[in-house]
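The residues making up each chain are set out below.
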Amino acid sequence: MPRSPSTRRALLARNAEVMRDFMAHAVLFQDAVARSAGLNGTDLQAVGLLLSSGPATPGELAARTGLTAGGAITAVVDRLERAGFVSRSRDPQDRRRVLVTADADAIAAAVGPAYAGVTERWGEVLDSLSDEQLAFANDLLARAADVNRAEVERMRAR
């Protein structure tokens, strides 16, 4: 049965409200997680990017985070290294380069307790979905991440 244009507009408007609320609370949650581990939000995002995308030179990490290469990224890496969340090492392929590598175990020990509650509650939500709904949710969230990633790149290119 086809939807009316007014129903579609209402659904799209509701989606915009839901997305704004989700994004705001995701940022606030990540900030709370960071603070629980003695970090700031930028530091937590930097270690998250190292975990998901692998080791990086400070310049590559600066590009991933949108920070300036040099002082800003050096300060982030210094804080993360002091906290025991990353280590610096020479690139085995090019000894002139320094690689920053995340310590997954140290990060998990520091932020795991903060994520435990949301992981359990989110698991309950996912358990309530059919396989088809879960596949749809996975696709929707992956596509949303792709949109956000592309928009970040577009805004940084200005």
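Up top is the structure.
Note that residues are indexed from 1 along each chain, following the sequence as it is written. Restriction of local features to residues with pLDDT of at least 70 applies here, the model being predicted, together with a cutoff of 80 or more for giving and counting side-chain atom pairs; totals for whole chains, interfaces and linings are based on all residues. The basis for the side-chain values is all heavy atoms of the structure; hydrogens and waters are excluded.

A. Inspection of the overall build of the protein at higher detail. Looking only at helices and strands, the protein has six helices and two strands in total. Overall, the protein shows an N-to-C arrangement of helices and strands of α-α-α-α-β-β-α-α. In terms of its C-alpha atoms, the protein occupies a principal-axis envelope of roughly 65 × 40 × 30 Å. Using a 1.4 Å probe on the protein chains alone, a residue whose accessible area is under 20% of its type maximum counts as buried, one over 50% counts as exposed, and one in between counts as partly exposed. In the protein, which comprises 158 residues, the proportion classed as buried is 18%. For this analysis, residues touch if any pair of their heavy atoms sits within 4.5 Å. Sequence-distant contacts, at least 24 apart, represent 44% of the contacts inside the protein between residues at least 6 apart. Summing over all exposed atoms, the protein offers an accessible surface of approximately 10900 Å²; the carbon and sulfur share of this is 58%. Both charge centroids of the protein, one from 20 positive and one from 20 negative side chains, sit 8 Å from each other. Secondary structure elements follow DSSP: runs of H or I of four or more residues count as helices, runs of E of two or more count as strands, with numbering from the N terminus. For the area figures, the Shrake-Rupley method with a 1.4 Å probe applies, and any residue is considered shielded solely by the protein chains shown. For the charge count, each Lys or Arg is scored as positive and each Asp or Glu as negative, with His and the chain ends excluded. Taken as the charge centre is NZ of Lys, CZ of Arg, CG of Asp or CD of Glu, depending on the residue.

B. Expanded view of the pattern of salt bridges. Whenever Lys or Arg places a side-chain nitrogen within 4 Å of a carboxyl oxygen from Asp or Glu, that contact is recorded as a salt bridge. For the structure shown, the criterion picks out eleven salt bridges. Between R35 and D31 there is a salt bridge, with its nearest N and O atoms 3.0 Å apart. Residue R35 and its partner D31 are located together in helix α1 (residues 5–36), separated by four residues, close to a single helical turn. For R35, a relative accessible area of 54% corresponds to the exposed category. Judged by its relative accessible area of 31%, D31 falls in the partly exposed class.

C. Looking closely at the layout of surface pockets. Only protein atoms enter the calculation, which uses a 1 Å grid: trapped sets of points that fit a 1.4 Å probe without letting it out are cavities, open sets showing protein on both sides within 12 Å along at least five of seven lines are pockets, and any residue with an atom within 4 Å of a point is a lining residue. Grid points are joined across faces, edges and corners, and a volume is the space filled by probe spheres set on the points. Here the largest pocket is characterised by a volume of approximately 2000 Å³. Lining the largest pocket are 42 residues; nearest its centre among them are F22, M23, A26, Q30 and N148. Mapped by element, the contributors of at least two residues to the lining of the largest pocket are α1, α2 (41–53), α3 (58–65), α5 (104–127) and α6 (131–156). Classification used: nonpolar for Ala, Val, Leu, Ile, Met, Phe, Trp, Tyr, Cys and Pro, charged for Asp, Glu, Lys and Arg, polar for all others including Gly. Residues that form the lining of the largest pocket fall into these classes: 27 nonpolar, nine polar and six charged.

D. The arrangement of the environment of A56 in detail. When you line up the elements, A56 lands in the loop between α2 and α3. Note: C-alpha distance between A56 and R88 (32 residues apart in sequence) is 9.6 Å. Non-local contacts of A56, meaning those with residues more than four positions away in its chain, are made with L50, L61, R64, V98, L99 and V100.

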